[in-house]
Amino acid sequence: MYRELLERQQPIVYRALVNALHGERVSNAYLFSGPFGTPKHEAALFLAESLFCEREGAIACEECNNCRRVREGLYADLIVLKGNEKPISKEDVDAIQEKFSKTALEKGKGGRVYIIENAENASVSAQNSLLKFLEEPGADVTAILTTDNIGRILPTIVSRCRILPFLPMDPEVYYEQAIKLGVGEDDAYFLSHIVRSSEDIMEMAEGEEYQKALLMLKQYLNCEGMRREELLVDYDMSYKSSDSDRERAKKANIDMLSAFFDLLSLYARDCISGNPRGPWWYVQSVSQGKGSEIYYGKLIMLANEQRDKVNRFNDLNLLMAQAFWRLEELDQWMKPLK
């Protein structure tokens, strides 16, 4: 389960947690920081399981009743806030403090734990309240924060946490897994650079959002008669989901735009490396790329910045308009270097 996953994908993080648990040197506050899709959520639950596990030993057995209840969100002295589902408010943080100011409800060995996922999505007032809680956490309280963007968390919070950095996953691992699952080589190459977990490979390969993102990339690259200057209009008219269920439509559009910006970043990286793989139209576009390394470096930064903004809290239409305005501005600014 989590132990095997961490040991395989994030051995440095895994070893740091194991050493802390064996030496009984668990910090009162952790900050798991790393790219979207790295197993920060799983690491947080693994640490909580280890603290609450019923069996002898410092490491979670992942089989006992307490470990199961942690995984299922049923352990009374564990609170999980998911910043990727809704912004974290001051009231959310204050509620944790209020609950943990009372006696622990469980009789286990691990005290109390709260996990705040995507802590960068906490409001300023929430972060200030969290800072006070971190300064005076109370007895046997462990905080575990996760973030995809550490730069959006107050430096004073960062300084009070033990930081464990998560490394990006190697795309070759995902590529090999995709091939084993029967995905074609061309799609396996693209998917290996945009999936965030092994479980996502087949779901994305078979999903409409990935296919639309590929078409958007082809249009951006002016392939097969498609025109880049019409992409913004075509996004609104053809690519964007119009599902009657608003939440489902928004998720579909988020998945599609996330994949598009990841593919755009991959294209720029391949132009720099000069070693592309994938379908003929993509390899041809990369080989014909005439930009400088500076140009493609800025394109990577732009794509990654826009990718980070693709979430349920932002207006996706405005985001796309901003993205294409920035892409046009980049093309104009960098023309002398091309």
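Structure: above.
Computed from a predicted model, the values in this text were never measured in an experiment.

Evaluated as defined, the whole model comprises 20 salt bridges. One salt bridge in this structure joins K90 and D94, with 2.7 Å as the shortest N-O distance. Of this pair, K90 and D94 both sit in helix α5 (residues 90-100), four residues apart, which is roughly one turn of that helix. Residue K90 is classed as partly exposed on the basis of its relative accessible area of 35%. Accessibility expressed as a relative area gives 27% for D94, which makes it partly exposed. Across the pair R227 and E229 runs a salt bridge whose closest N-O atoms are separated by 2.4 Å. Relative accessible area serves as the criterion here: at 42%, R227 is assigned to the partly exposed category. Accessibility expressed as a relative area gives 54% for E229, which makes it exposed.

Let's shift gears to empty space enclosed by the protein. The tally for this structure, following the rule as stated, stands at one cavity of 30 Å³ or more. In terms of lining, the largest cavity is formed by A119, A122, Q127, L130, L145, I153 and I157. For the lining of the largest cavity, a count of residues per class yields six nonpolar, one polar and no charged.

Viewed as axis vectors pointing N to C, helix α11 (residues 208-220) and helix α13 (residues 246-273) meet at an angle of 45°, and their least axial separation amounts to 8 Å. Between α11 and α13, the interaxial angle falls into the category oblique. The handedness of the crossing between α11 and α13 is right-handed. Facing α11, whose interface residues are E209, K212, A213, L214, M216, L217 and Y220, α13 presents A252, D255, M256, L257, A259, F260, L263 and L264. A class-by-class count of the residues in the contact of α11 with α13 yields twelve nonpolar, no polar and three charged.

Residue position: S27 is located in the loop between α2 (11-22) and β1 (29-33). If we ignore the near neighbours within four places in the chain, the residues touching S27 are T142 and R162.

The subject of this paragraph is the packing of helix α1 (residues 2-9) against helix α3 (residues 40-52). Their axes nearest at 9 Å, the elements α1 and α3 cross at an angle of 130°. One way to sum up the angle between α1 and α3 is to call them oblique. As for the relative orientation of α1 and α3, their crossing is left-handed in sense. Taken together, the residues of α3 that come into contact with α1 (itself represented by Y2, R3, L5 and L6) are E42, A43, L45, F46 and E49. Counted by class, the contact of α1 with α3 contains six nonpolar, no polar and three charged residues.

Attention now moves to the packing of aromatic side chains. Counting across every chain of the model gives 15 aromatic pairs. Ring centres of Y14 and F46 lie 6.0 Å apart, and the angle between their planes is 40°; this geometry places the pair in the tilted category. Here Y14 is found in helix α2, whereas its partner F46 is found in helix α3, with 32 residues between them in sequence. The class for Y14 is buried, based on a relative accessible area of 4%. Given a relative accessible area of 0%, F46 falls into the buried group. Ring pairs connect the aromatic residues Y189, F190, Y267, W281, Y282, Y295 and Y296, which therefore count as one cluster. Positioned over the ring face of Y175 is R277, at 4.5 Å from the centre of the ring.

Criteria and cut-off values
- Residues numbered from 1 in each chain as written.
- Predicted model: local features only at pLDDT ≥ 70, side-chain atom pairs only at ≥ 80, totals over all residues.
- Heavy atoms only, no water.
- Salt bridge = Lys/Arg side-chain N within 4 Å of Asp/Glu carboxyl O.
- Helix = DSSP H or I, 4+ residues; strand = E, 2+ residues; numbered from the N terminus.
- Buried < 20%, exposed > 50% of the residue type's maximum accessible area, 1.4 Å probe, protein only.
- 1 Å grid on protein atoms, 1.4 Å probe; cavity = no way out; pocket = protein on both sides within 12 Å on 5 of 7 lines; lining within 4 Å.
- Points joined across faces, edges and corners; volume = space filled by probe spheres on them.
- Nonpolar A, V, L, I, M, F, W, Y, C, P; charged D, E, K, R; others polar.
- Axes fitted to C-alpha atoms, helices over the stretch in contact; angles between N-to-C directions.
- Parallel < 35°, antiparallel > 145°, perpendicular 65-115°, else oblique.
- Left-handed = near helix turned anticlockwise from the far one by under 90°.
- Contact = heavy atoms within 4.5 Å.
- Phe/Tyr/Trp six-rings, centres within 6.5 Å; stacked < 30°, edge-to-face > 60°.
- Lys NZ or Arg CZ within 6 Å of the ring centre and 35° of its normal.

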